[in-house]
Amino acid sequence: MTNMSRARVARRIAAGAAYGGGGVGLVGAAAVGLVLAEVRMARTAVHNGTSGGRVPVADGRYGDGYAASGEPPIRLTMLGDSTAAGQGVHRAAQTPGALLASGLAAVAERPVVLSNVALPGAQSDDLDRQVALVLGTASPVPDVCVIMIGANDVTRRMPPTRSVRHLSAAVRRLRTAGAEVVVGTCPDLGTIEPVRQPLRWLARRASRQLAAAQTIGTVEQGGRTVSLGDLLGPEFAAHPRELFGPDSFHPSAEGYATAAMAVLPTVCAALGLWPAEEERPDVTRREGFLPVARAAAEAAAEAGTEVTAAMPTGPRGPWALLKRRRRQQVEPLPSDPASEEARSRAGTAE
């Protein structure tokens, strides 16, 4: 499927999400059924990669070495599914939330307080509950929220219009409350090892179509997106033993680090922490302003590509800025001893 065709499908899905439609499919029903059968077979072998199926608890404070600056900590919250939670690794420091918190603290030279409300197995309709958790506490509104969602929507056949509608509503609520929002779009299900060709191609197509539609819905609500689909695609396919975890379904520690390196620059840019010269489009990296649907389609097809709102309208509707930011190395930073002790107690309890 060409980027122009993907852009048209993404526009239809996003329009259906905005205006209440529900009949736009990702791929033919029979094809989806075959993909799902393969994915379900793959999932029978899924064992979290941690003892007892436990997801490491990474909540806490990172970068305490920067506390002497006197600046208040940045509040980072993770929402979404097992990818956001960090399922598939052994240690809290290996989860994407911990990696992003460490990297953000290093760039900002300020402590970062991480909280994670993501739920393994969640679909986009769980975001309403997760956002309520985030905004319904006595804690301050997060400075930035990172959402990773979409794979379960495809494998469980949630209509894409419904999927995008839930995501858009979550982004809108968080942005209205004052939080910056970065969405890691639907990963490439065509990289799951037990899924064979030609079903792998169909899974990839469905994933990219949803990712493009997610981008339109997110950008229209004032958020930013980073494509995880194609990022995880070629790299996971080329290095499955290094980038997939023991279950061959969730990323390994190296895989999560790869994703975190791609998302971190966008998180920093959303908070105004990225160098000003990096915010200007670089034509040598094929960056620039595009109609939002076309930008969404291009992002879905290329690793780590960012899309953010630019102009409210243009000859073909809203426009967006497409950026291909340079990935940053993410080195884990220690969190404070109290947080480490709390995480240890949580792990023991589970």
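Please read all numbers here as calculations on a predicted model, not as lab measurements.

A.B. asks: Run through the pattern of salt bridges, naming residues and quoting values.
C.D. replies: According to the stated counting rule, one finds 13 salt bridges in the structure shown. The residue Asp125 makes a salt bridge to Arg162 at a minimum N-O spacing of 3.1 Å. Within this pair, whereas Asp125 is found in the loop between β3 (112–116) and α5 (127–135), its partner Arg162 is found in helix α7 (residues 160–177), the two being separated by 37 residues in sequence. Looking at Arg162, the relative accessible area reads 36%, which means it is partly exposed. With its nearest N and O atoms 2.8 Å apart, the salt bridge here joins Asp126 to Arg129. Look at Asp126 and you get buried, because its relative accessible area is 14%.

A.B. asks: Break down the packing of helix α4 (residues 96–108) against helix α11 (residues 253–270) for me, with residues and values.
C.D. replies: With their axes 9 Å apart at the nearest point, α4 and α11 run at an angle of 45° to one another. On the basis of their axis angle, the class for α4 and α11 is oblique. For α4 against α11, the interelement crossing comes out right-handed. Taken together, the residues of α11 that come into contact with α4 (itself represented by Pro96, Leu99, Leu100, Gly103, Leu104 and Val107) are Tyr256, Ala257, Ala260, Val263, Leu264, Val267 and Cys268. A per-class count over the contact of α4 with α11 returns 12 nonpolar, one polar and no charged.

A.B. asks: Please give an account of the pairing of β3 that cites residues and values.
C.D. replies: Pairing geometry for strand β1 (residues 60–62) and β3, over three bridges, is antiparallel. Note that in β3 the partner of Arg61 across the bridge is Val113. Two elements, strand β2 (residues 74–80) and β3, share five bridges in a ladder whose sense is parallel. Note on β3: the bridge partner recorded for Met78 is Asn116.

A.B. asks: Which residues make up the confidence of the model for the protein chain, and what values go with them?
C.D. replies: Put simply, the protein chain has an average pLDDT of 76, and 65% of its residues get 70 or more. In this model, residues 22–30 is a region of pLDDT below 50 whose contacts with residues beyond four sequence positions or in other chains number 19 contacts. Counting interchain partners and residues more than four positions distant, the pLDDT-below-50 stretch residues 337–350 has 16 contacts.

A.B. asks: Describe α4, and please don't skip the residues or the numbers.
C.D. replies: With 13 residues, α4 extends 18 Å from end C-alpha to end C-alpha; this agrees with the ideal 18 Å at 1.5 Å per step. The element α4 is largely enclosed, with a buried count of 11 among its 13 residues. Listing the buried residues of α4 in full gives Pro96, Gly97, Ala98, Leu99, Leu100, Ala101, Ser102, Gly103, Leu104, Ala105 and Ala108. On the buried face of α4, the contacting elements are β1, β2, α3 (82–85), β3, β4 (144–148) and α11. Phi for Glu109, located one or two positions after α4, is positive at around 55°.

A.B. asks: Go over the nonpolar core with me, naming the residues and quoting the values.
C.D. replies: For soluble globular proteins, nonpolar side chains are generally found buried alongside one another. By size, the foremost hydrophobic cluster in this structure holds 38 residues, and its most contacted members are Leu76, Leu100, Val146 and Val263. Residue assignment for this core shows that the elements contributing at least two residues are β2, α3, α4, β3, β4 and α11. In terms of residue count, α11 provides more of this core than any other element does, 11 residues in total. Residues Leu79, Ala122, Leu127 and Leu167 belong to the second largest nonpolar core, which totals 16 residues.

The rules behind these values
Each chain has its residues counted from 1, following the order in which its sequence is written. With pLDDT at 70 or above as the cut-off, local features in this predicted model cover only qualifying residues; side-chain atom pairs require 80 or more to be listed or tallied, and sums for whole chains, interfaces and linings still use all residues. Only hydrogens and water are set aside; all other atoms, that is, all heavy atoms of the structure, feed into the side-chain values. Salt bridges are defined as contacts in which a side-chain nitrogen from Lys or Arg sits within 4 Å of a carboxyl oxygen from Asp or Glu. A run of DSSP states H or I qualifies as a helix once it reaches four residues; a run of E qualifies as a strand once it reaches two. Both are numbered from the N-terminal end. Per-residue accessibility, obtained with a 1.4 Å probe over protein chains only, is compared with the maximum for each type, and a residue is labelled buried under 20%, exposed over 50%, and partly exposed between these values. In this analysis, axes come from line fits to C-alpha atoms, helices being fitted only over the stretch in contact, and the angle between any two N-to-C directions falls in the range 0 to 180 degrees. An angle counts as roughly parallel when it lies under 35 degrees, as roughly antiparallel when it exceeds 145, as roughly perpendicular when it falls between 65 and 115, and as oblique in every other case. Each crossing gets its handedness from the near helix: less than a right angle anticlockwise from the far helix is left-handed, clockwise is right-handed. It only takes one pair of heavy atoms within 4.5 Å for two residues to be counted as in contact. In this classification, the charged set is Asp, Glu, Lys and Arg, the nonpolar set is Ala, Val, Leu, Ile, Met, Phe, Trp, Tyr, Cys and Pro, and all remaining amino acids, among them Gly, are polar. Two strands are counted as paired when DSSP detects at least two bridges linking them. Per-residue confidence from the predictor is given as pLDDT, running between 0 and 100. To estimate how far a helix should extend, the number of its residues minus one is multiplied by 1.5 Å. For this analysis, a nonpolar core means a set of buried residues of the types Ala, Val, Leu, Ile, Met, Phe, Trp, Tyr and Cys, connected via side-chain atoms within 4.5 Å.

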